[in-house]
Amino acid sequence: MNASTVTRQPASGRPVLLRWAPLLLLLAFAFALPLVVRSATYLHILILLLLYAYLTTSWNLVGGFAGVLPLGHAAFVGIGAYTSTVLSLQYGLSPWIGMILGGMISTIVGVLIGLPTFKMRGAYFALATIAFAEGLRVMVENLDRLGPFRLNGPRGLQIPPLEVGFGRLMFAEKEPYYYIILTMLVLAVGITWAVSRSKLGYCLAAGGEEPEAAQSLGINVARLKLIAMAISSFLTSLAGTFWAQFTLYIHPKSVMSLDISFEIAFIALIGGRGSIAGPLLGALLLRPVSDFSRIHFGDTLPGLHLVIFGVVLILVMLYQPRGLQEPLTRLYRRGMQRLFGTGEGG
Amino acid sequence: MRLLELHRVSKHFGGIRAVEDFSLEVQAGEIVGLIGPNGAGKSTLFNCVAGVFPPTSGEIVFQGKRIEGRKPWELCRLGIARTFQIVKPFASRTVLYNVTVGAFATTSRLAEAERRALAVLRTLHMEEKAHVRAANLTIADRKRLEIARALATRPRLLLLDEVMAGLRPTEVDEMVEVIRRLRDSGITFFVIEHIMRAVMALSDRIAVLHFGHKIAEGLPAEVARDDRVIKAYLGEDYGAA
Ligand SMILES: Nc1ncnc2c1ncn2[C@@H]1O[C@H](COP(=O)(O)OP(=O)(O)OP(=O)(O)O)[C@@H](O)[C@H]1O
Ligand SMILES: [Mg+2]
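Summary of the structure given here.

Quick notes on the rules
Residues numbered from 1 in each chain as written. Chains lettered and ligands numbered in written order. Predicted model: local features only at pLDDT ≥ 70, side-chain atom pairs only at ≥ 80, totals over all residues. Heavy atoms only, no water. Donors = N, O, S within 2.8 Å, 3.2 Å for Na, K, Ca; no water. Helix = DSSP H or I, 4+ residues; strand = E, 2+ residues; numbered from the N terminus. Buried < 20%, exposed > 50% of the residue type's maximum accessible area, 1.4 Å probe, protein only. 1 Å grid on protein atoms, 1.4 Å probe; cavity = no way out; pocket = protein on both sides within 12 Å on 5 of 7 lines; lining within 4 Å. Points joined across faces, edges and corners; volume = space filled by probe spheres on them. Nonpolar A, V, L, I, M, F, W, Y, C, P; charged D, E, K, R; others polar. Contact = heavy atoms within 4.5 Å. Pairing = 2+ DSSP bridges. Near = heavy atom within 4 Å. Polar contact = N/O pair within 3.5 Å; in protein donor to acceptor, adjacent residues only side chain to side chain. Areas by Shrake-Rupley, 256 points an atom, 1.4 Å probe, with all protein chains shown as cover. Axes fitted to C-alpha atoms, helices over the stretch in contact; angles between N-to-C directions. Left-handed = near helix turned anticlockwise from the far one by under 90°. Salt bridge = Lys/Arg side-chain N within 4 Å of Asp/Glu carboxyl O. Phe/Tyr/Trp six-rings, centres within 6.5 Å; stacked < 30°, edge-to-face > 60°.

### So, the coordination of the magnesium ion (ligand 2)
All names here are of chain B. Within the protein, the magnesium ion (ligand 2) binds to Ser43 (OG) and Gln85 (OE1); these donor distances fall in the range 1.9 to 2.1 Å. Of this pair, Ser43 sits in helix H1 (residues 42-50) while Gln85 sits in the loop between strand S6 (80-82) and helix H3 (95-103); the two residues are 42 residues apart in sequence, bridging distant segments of the chain. Judged by its relative accessible area of 33%, Gln85 falls in the partly exposed class.

### Brief notes about the layout of surface pockets
Residues and elements named next belong to chain A. In this model, the second largest pocket occupies a volume close to 450 Å³. Together, 18 residues line the second largest pocket, and Phe118, Lys119, Arg121, Pro211 and Lys225 are the ones closest to its centre. Per-class residue counts for the lining of the second largest pocket are nine nonpolar, five polar and four charged.

### Regarding the side chain of Arg168 of chain A
All names here are of chain A. Tracing the backbone shows Arg168 in the loop between strand S3 (157-158) and helix H6 (175-196). We classify Arg168 as buried; its relative accessible area is 18%. With near-sequence residues (within four places) excluded, Arg168 lies in contact with Ser88, Gly92, Leu93, Ser94, Pro95, Glu163 and Gln245.

### With respect to the pairing of strand S4 (residues 57-62) of chain B
Residues and elements named next belong to chain B. Bridge count between strand S1 (residues 2-13) and S4: five bridges; the pairing is antiparallel. Across the sheet, residue Ser10 finds its bridge partner in S4, namely Ser57. Where S4 lies against strand S5 (residues 65-66), two bridges are found, and the strand directions are antiparallel. Within the sheet, the bridge partner assigned to Val61 lies in S5 and is Arg66. Hairpin connection of S4 to S5: two residues between the antiparallel strands, including Gln63 at a positive phi of 50 degrees.

### Looking at the site of ligand 1
All names here are of chain B. What surrounds ligand 1 is the set Phe13, Ala18, Asn38, Gly39, Ala40, Gly41, Lys42, Ser43, Thr44, Gln85, Glu162 and His194. Contacts to ligand 1 include Gly39, whose backbone N or O atom sits 2.8 Å from an oxygen atom. In this structure, Thr44 approaches ligand 1 through a side-chain N or O atom, which is 2.5 Å from an oxygen atom. Protein chains bury 63% of the 640 Å² of accessible surface belonging to ligand 1 in isolation. The leading source of residues in the shell around ligand 1 is H1, at three residues. Of the residues in the shell around ligand 1, the class split is three nonpolar, seven polar and two charged.

### Brief notes about the packing of helix H4 (residues 95-117) of chain A against helix H9 (residues 221-247) of chain A
All names here are of chain A. Between H4 and H9, the least distance of the axes is 7 Å, while the angle of their chain directions is 140 degrees. The chirality of how H4 crosses H9 is right-handed. Residues that form the contact of H4 with H9 fall into these classes: 12 nonpolar, 11 polar and no charged.

### Focus: empty space enclosed by the protein
Residues and elements named next belong to chain B. For the structure shown, the criterion picks out four cavities of 30 Å³ or more. Each pocket or cavity is described by its volume, and for the second largest cavity that value is around 50 Å³. Residue lining of the second largest cavity: Leu124, His125, Arg144, Leu167, Glu171, Glu174, Met175 and Val178, and that is the complete set. For the lining of the second largest cavity, the leading source of residues is helix H6 (residues 169-184), giving four residues. Across the lining of the second largest cavity, the residue classes tally to four nonpolar, one polar and three charged.

### Details of H1 of chain B
Residue and element names in this part refer to chain B. Counting buried positions over the nine residues of H1 gives eight, a clear majority of the element. Listed in full, the buried residues belonging to H1 are Lys42, Thr44, Leu45, Phe46, Asn47, Cys48, Val49 and Ala50. After H1 finishes, the residue Gly51 shows a positive phi value of roughly 85 degrees.

### Digging into the environment of Gly69 of chain B
Residues and elements named next belong to chain B. With respect to the helices and strands, the residue Gly69 is situated in the loop between S5 and helix H2 (72-78). On a C-alpha basis, the gap between Gly69 and Gly51 in space is 6.2 Å, while along the polypeptide they are 18 residues apart. In this view, Gly69 contacts Pro54 and Pro55; residues no more than four positions away in its chain are not counted.

### Quick word on the pattern of salt bridges
One side chain can pair with another of opposite charge once the charged atoms of both are near each other. Summed over the entire model, instances satisfying the criterion amount to 35 salt bridges over all chains. Put simply, Glu128, Lys129, Asp141, Arg144, Arg168, Glu171 and Glu174 of chain B are held in one network by salt bridges that share partners.

### Focus on the sheet that holds S1 of chain B
Adjacent strands of a sheet form backbone hydrogen bonds with each other and so pair up, either parallel or antiparallel. All names here are of chain B. Across the sheet, four strands lie side by side as S2-S1-S4-S5; this open sheet has antiparallel pairing. In this open sheet, the two strands that pair with only one neighbour each are strand S2 (16-27) and S5. Against the sheet, H1 touches S1, S2 and S4, its axis set at about 120 degrees to S1.

### What about the packing of aromatic side chains?
Any two aromatic rings considered together are summarised by their centre-to-centre distance and by the angle between their planes. Inspection of the entire model under this criterion finds 15 aromatic pairs over all chains. Geometrically, the ring pair formed by Tyr202 of chain A and Tyr97 of chain B is stacked, given 4.0 Å between the ring centres and 10 degrees between the ring planes. Pair noted here: Tyr202 of chain A is in helix H7 (residues 199-209) and Tyr97 of chain B is in helix H3, and the two residues belong to different chains. Considered together, Tyr202 of chain A and Tyr97 of chain B belong to a single accessibility category, that of buried residues.

These figures come from the coordinates and say nothing about function on their own.
Here's what the structure looks like:
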């Protein structure tokens, strides 16, 4: 399995500002968007877009760099959502603290899943992660309580919108949610960037591509995959809390379903796994399809978006097996070179 | 000083006795050649030393420590590096990326790892290929990349498995020269090689494997004169190489 495709030149004295200018512009655009988009519906769609970009970026740390295909990341979304919600409903704990606690639980669970499964190859690993996530969902659906904690089985948990404010991670407007998930996304992308330029990133990619060669070069491949899994499940879990606070209602189907895991994988594969831009690009292209199909065909053809994704995935795998980020990155680099004549490119 | 000692090492795969009762000592600073016909068990022996699998029986000692059964990455950290007969580049990555991964075995900083990687590439006359994707290399360059990556880990002992196969005669001479220079810089070599001219020129000592058994060991000239060796192996191949 191939991991990333970023061919990088060694650090050299290229004009720094020029390199970063397009990124800064993009960031400024993203932060300014709610000033223009006033419609709550569109803002909602944008928030979900950012949420999926965040989820896929988190997934990419293990699914992209480590060269495995986890298909059960919904489990971590669910753990995050349920942990913060239960703790805030029953004990009045701030969802922010619940978010971190949920992340820690997800980390432990992620490592426990990884321990036996990272030795499996390809499809077996993917199947094992599906089985685990589905098992967890069915369990929660059938549990009214877990020890002292009320889960409410399939009925789920409603979060009454009593105290609004940053400390409670609850707002009457959509804008604050937009800025929070955007900030989370920027941080996740930053982490990915740092990892991709670190020993961890190099060794993960090496282990994902040629495990035997990587091991001979001093890399304990299985251990690094566990580290990647730990970071990935922690970050994924945070999105669960965000989601719960955004929708104020969670149930096993909404935060733990296989659909979520699959959509993340589709976005990553179509956008380009193992690259930094892939998940962002994938979310940008696929989320609107999801929303459109749910709005117009939600009753008549539920799941239509997954069918469309499947077809797109086949086409992309046939013609651009590294995902759509590759031709677009190439175009972008060529454009930059034309415009500024910098030595950008690889 | 003895760097590597093999004591009666055997490796069986089910009924196949790939290596049987093999003993050898490699002194620090030596270049030891390992030759033998196809399927003699040479790569299997390397795999035992490099930790791909443990020997079925016998002892492997590196720098005075028993190492049989240790994992490849632990052995790399102890100072044993190896190349693969069937090359295994990180094909989607550049040459520099490949070698940098190796350099990360002994540093954690990217800038330092890249600096060391470039230095290694220069030693192997590959620096102008630094930004070429490994998938696009010729077979000769892939072999060189194997060595570069292994060298970047800063090994004490380097196991080379047929790195000259596919090289042109001038390239073979160049490689012999490079290996000699690396030895002079303090690296010990254990070398599997089919190209007789190269292995004869390079090795201080040569061991000969035949059907898993060591049938001869000695100076290149001695081995070349050995009757059993000629019968088993050189008789068919020496002239051709
Ligand atoms: N992993 C394995 N499982 C089973 N049998 C193996 C394995 N590796 C090697 N063998 C067998 O062990 C014997 C020795 O193989 P090996 O690859 O060590 O030979 P070699 O001397 O390196 O040959 P060549 O010169 O062709 O590379 C062969 O019969 C081979 O089929
Ligand atoms: Mg061999």
